[in-house]
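Now for the letters of each chain:
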Amino acid sequence: MIILEKQNTFKAVFKAAFPHTIPVMTGYLFIGIAFGVMYAEKGYNFIWAGIMSLTVYAGSGQYLAVDFFDYAVSLLQVVFLTFMVNVRHVFYGLSLLERFKHAKKFKPYLVFSLTDETYSLYFLTKTPEGMNEGKFLFALSILDQSYWIIGSIIGSVAGTLIPFDSTGIDFAMTALFLVILTEQWLTSKNHFPAVVGVICSVLCLLLFGKDSFVLPSMICILSILLAFKKSPINKHEETEKGAEKK
Amino acid sequence: MSNLPVSFWRSVIIIALVALTTFATRAIPFILFPDGKEIPKTVQYLGKVLPAAVIGMLVVYCFKSATPMQFPFALPELIAGAVVVLLHIWKRNNLLSIGVGTVLYMILVQYVFV
């Protein structure tokens, strides 16, 4: 019991969580900087960038939002476009219902901070034995958000001081997802969901164009996964057992 | 503050709206299935298979602005992307794969394919 409590101090939990967040740190510092630079070019200083990263906390959402600071964009459009670019988050919650069930007081923050990268991290990381899961996930997510805030402030300050060509820096995010997809592919036996995800999205991208393919992709992915729930090519039960053995 | 593209208060309202809407998209599933309520079997199944499918979708999402039909024919994305995957299969080091891929991509779009 004493050991358990010792293991669950905030210090111990953060120490266990930190190494897992290093890839997100790299990505977030880069793309946070890129956001800060873009937002500074628009006329908003580091205080604005920091507040936005604190309250909104969304990669592509904040990139898109930079264009909202213009009288040509109505407030209704702001809500609609933000919803469209973030609608994929609905998926994340669905797969974390069980895991967040016992997070108690940490739950509101865990829901608020559910970004693509943090979500992917939950999916890659297992809570160490004996550690409070809610607390561990809280540590992961608060570390991630701190990188994001720091990155956007650095970008905002640097962007106004040193002219720096950050073109292409947002590839850090793409690289992070590619790494997670590769890792997922190498460790899982069931490749059906990943293949469905890629194929549906590519088809919808070709059909609906880059600005409106996310929602159709989600519907397509959901329908196919539901239709193939019991199919032998979709060996989800087996994967689950394999993962437990590891 | 006079150099802002829109007024101070309009800026505040925009940030508040973006923050609330983003939070809503994240909170919807938890509002639909609150703690204590039995999660249907189908939703449990989706919880198992969705993560991999979503990561697949996110990768495509990141490549959405590539232009395969015109210059530079999505080559920077394809080259840097392939390097990330191969390097990762070889070394299994997250930082290395992401760092090398990003720097390579920046060089490709800034100096090679211009």
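Use the structure listed above.
Residues numbered from 1 in each chain as written. Chains lettered and ligands numbered in written order. Predicted model: local features only at pLDDT ≥ 70, side-chain atom pairs only at ≥ 80, totals over all residues.

Considering the overall build of chain A
Of the regular secondary structure elements, chain A holds 13 helices and zero strands. At 20 Å, chain A has a C-alpha radius of gyration in line with the 18 Å of a compact globule built from 246 residues. Its C-alpha atoms put chain A at 55 × 55 × 30 Å along the principal axes. By residue count, 48% of the 246 residues in chain A fall in the buried class. Taking the intrachain contacts of chain A between residues at least 6 apart in sequence as the baseline, contacts between residues at least 24 apart amount to 80%. (Helix = DSSP H or I, 4+ residues; strand = E, 2+ residues; numbered from the N terminus. Rg over C-alpha atoms; globule rule 2.2 N^0.38 Å. Buried ≥ 20, exposed ≤ 12 C-beta atoms within 10 Å, placed from the backbone. Contact = placed C-beta atoms within 7 Å.)

Quick look at the overall build of chain B
A tally of regular secondary structure across chain B gives four helices and zero strands. Against the globule reference of 13 Å for 114 residues, chain B gives a C-alpha radius of gyration of 21 Å, more extended than a compact globule. For chain B, the spread of C-alpha atoms along the principal axes amounts to about 55 × 50 × 30 Å. The buried share of chain B, reckoned over its 114 residues, is 39%.

Things to note about helix α10 (residues 171–187) of chain A
Taking 1.5 Å per residue as the helical rise, α10 of chain A with its 17 residues ought to reach 24 Å, and the 24 Å between its terminal C-alpha atoms agrees with that figure. The buried fraction of α10 of chain A amounts to twelve of the 17 residues, a majority that puts the element mostly inside the structure. (Expected span 1.5 Å × (residues − 1).)

Brief notes about the nonpolar core
Of all hydrophobic cores here, the largest spans 101 residues; its most connected members are Ala172, Phe177 and Ile221 of chain A together with Ala53, Ile55 and Val59 of chain B. Broken down by element, the residue count for this core peaks at 14 residues, all from helix α2 (residues 10–41) of chain A. Inspection of this core shows a minimum of three residues originating in each of domain 1 (2–187) and domain 2 (189–246) of chain A. Contact partners of Ile221 of chain A, with chain neighbours within four places excluded, come to Val196, Gly197 and Cys200 of chain A together with Ala53 and Met57 of chain B. (Core = buried A, V, L, I, M, F, W, Y, C linked by C-beta atoms within 7 Å. Domains from an automatic or database assignment.)

Structural notes on the interface of chain B and chain A
Counting residues at the interface gives 62 residues for chain B, matched by 76 residues for chain A. Elements supplying a minimum of two residues to the side of chain B that touches chain A: α1 (8–32), α2 (41–62), α3 (75–91) and α4 (94–112) of chain B. Looking at the side of chain B that touches chain A, the element that brings in the most residues is α2 of chain B, giving 19 residues.

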